[in-house]
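Descriptive structure summary
Spelled out from the first residue to the last, the chains are:
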Amino acid sequence: MNPHPGHPAAQRVLLAAFGLAALVDLLALAVGHDPAHTVAKPLLMPLLAAYAALRGAPRLLVAALLFGWGGDTLLLSDADPAFLAGMASFAAGHVCYLALFRTYGGPERAPRVRAGLLVAGYAVALAVTVTLLWPDLPADLRVPVAGYSALLTAMACAAVVRLGLVAGLGGALFMVSDTLIATGVADWPQPPRPDFWIMLTYVAAQFLLVQGVLGTLAERRAPAAAYREVRSTTP
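Read on for a plain summary of the structure. Note that this is a predicted model, so its numbers are computed, not measured. (Residues numbered from 1 in each chain as written. Predicted model: local features only at pLDDT ≥ 70, side-chain atom pairs only at ≥ 80, totals over all residues. Heavy atoms only, no water.)

1. Things to note about helix H2 (residues 34-54)
For H2, built from 21 residues, the straight-helix expectation of 30 Å at 1.5 Å per residue is met to within 8% by its first-to-last C-alpha distance of 31 Å. The largest bend in H2 is about 30°, located at leucine 44, with the proline proline 46 one to four residues further on. Residues His37, Ala40, Lys41, Pro42, Leu44, Met45, Leu47, Leu48, Ala49, Tyr51 and Ala52 constitute the buried set of H2. Directly after H2, the chain includes glycine 56, whose backbone phi takes a positive value near 85°. (Helix = DSSP H or I, 4+ residues; strand = E, 2+ residues; numbered from the N terminus. Expected span 1.5 Å × (residues − 1). Bend = angle between axes of the 7 residues up to and from the residue. Buried < 20%, exposed > 50% of the residue type's maximum accessible area, 1.4 Å probe, protein only.)

This is the structure:
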């Protein structure tokens, strides 16, 4: 982790560029302009990762976002091998998030009883979703989708338990986004412009996860900085 965040002006530029790329991508999906989507989508996670890095983010967070970029790029293709490779890239990102939450999160974010209820709730959501989707998924995707869903659910649950509300909302939105993808693969009825809703929830999810992690790190740095200040002024 870089303890010295980069220049605030550069951070603002990268964040604005991320926001602009997200807006272009969502507008492209809303109007069905595929070329703009193809250009904007692969820009999202590198810009967010660069912003996070300048904010002093741990390498695990940057790695999670870059694995997300790999998944984003692969899922631009409709081919089945690309779908599986994209799912594997996102899965690697979730492993990075889990390791990150274990290292930098804290069980104090959720009291033990509430944490237990959250874990139980996410477990039920996983079981219900996989059970309902299973018969309608292509046979060769059932096990990969179930395994990926379990990893995603674990990440989303750990986000809220160990980092709190902001990261927890990001994890929950990630589940919504990927559930929309899975229901599309299962050929369930979809809302109008389903790709728009998938990307809206996904982009919000990754941004909130970044903000949740950076907020937690800022809270940890504040007491350390205050302690150093006191030590430096103590005779």
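2. A short note on the packing of aromatic side chains
Scanning the model with the defined rule gives six aromatic pairs in all. On the basis of an interplanar angle of 85° and a centroid distance of 6.3 Å, the ring pair of phenylalanine 90 and phenylalanine 174 is categorised as edge-to-face. Of this pair, phenylalanine 90 sits in helix H4 (residues 80-104) while phenylalanine 174 sits in helix H7 (residues 165-185), and the two are 84 residues apart along the sequence. Summarising the aromatic geometry, the rings of phenylalanine 196 and tryptophan 197 are spaced 4.9 Å apart at their centres and angled 85° between planes, so their arrangement reads as edge-to-face. Joined through ring pairs, the aromatic side chains of Phe90, Phe174 and Tyr202 make up one cluster. (Phe/Tyr/Trp six-rings, centres within 6.5 Å; stacked < 30°, edge-to-face > 60°.)

3. A word on the nonpolar core
With 60 residues, the main nonpolar core has Leu61, Leu65, Tyr97, Phe101 and Phe174 as its most contacted residues. If you list the elements that add at least two residues to this core, you get helix H1 (8-31), H2, helix H3 (59-74), H4, helix H5 (112-133), helix H6 (139-163), H7 and helix H8 (194-233). Top contributing element to this core by residue count: H6, with twelve residues. Among residues more than four places away in sequence, those in contact with leucine 61 are Ala52, Tyr97, Leu100, Val210 and Val213. (Core = buried A, V, L, I, M, F, W, Y, C linked by side-chain atoms within 4.5 Å. Contact = heavy atoms within 4.5 Å.)

4. What about the packing of H2 against H3?
Angle between the axes and distance between the axes are the two parameters that describe a pair of packed helices. In contact at an axis separation of 8 Å, H2 and H3 are set at 175° when each is read in the N-to-C sense. Between H2 and H3, the angle falls in the class roughly antiparallel. Contact residues: H2 offers Lys41, Pro42, Met45, Pro46, Leu48, Ala49, Ala52 and Ala53, while H3 offers Leu61, Val62, Leu65, Leu66, Gly68, Trp69, Asp72 and Thr73. Class assignment for the residues of the contact of H2 with H3 results in twelve nonpolar, two polar and two charged. (Axes fitted to C-alpha atoms, helices over the stretch in contact; angles between N-to-C directions. Parallel < 35°, antiparallel > 145°, perpendicular 65-115°, else oblique. Nonpolar A, V, L, I, M, F, W, Y, C, P; charged D, E, K, R; others polar.)

5. Some remarks on the environment of alanine 85
Tracing the chain through its elements places alanine 85 in helix H4. A relative accessible area of 32% means that alanine 85 is categorised as partly exposed. On a C-alpha basis, the gap between alanine 85 and glycine 70 in space is 8.8 Å, while along the polypeptide they are 15 residues apart.

Any functional reading would require information beyond the geometric quantities listed.
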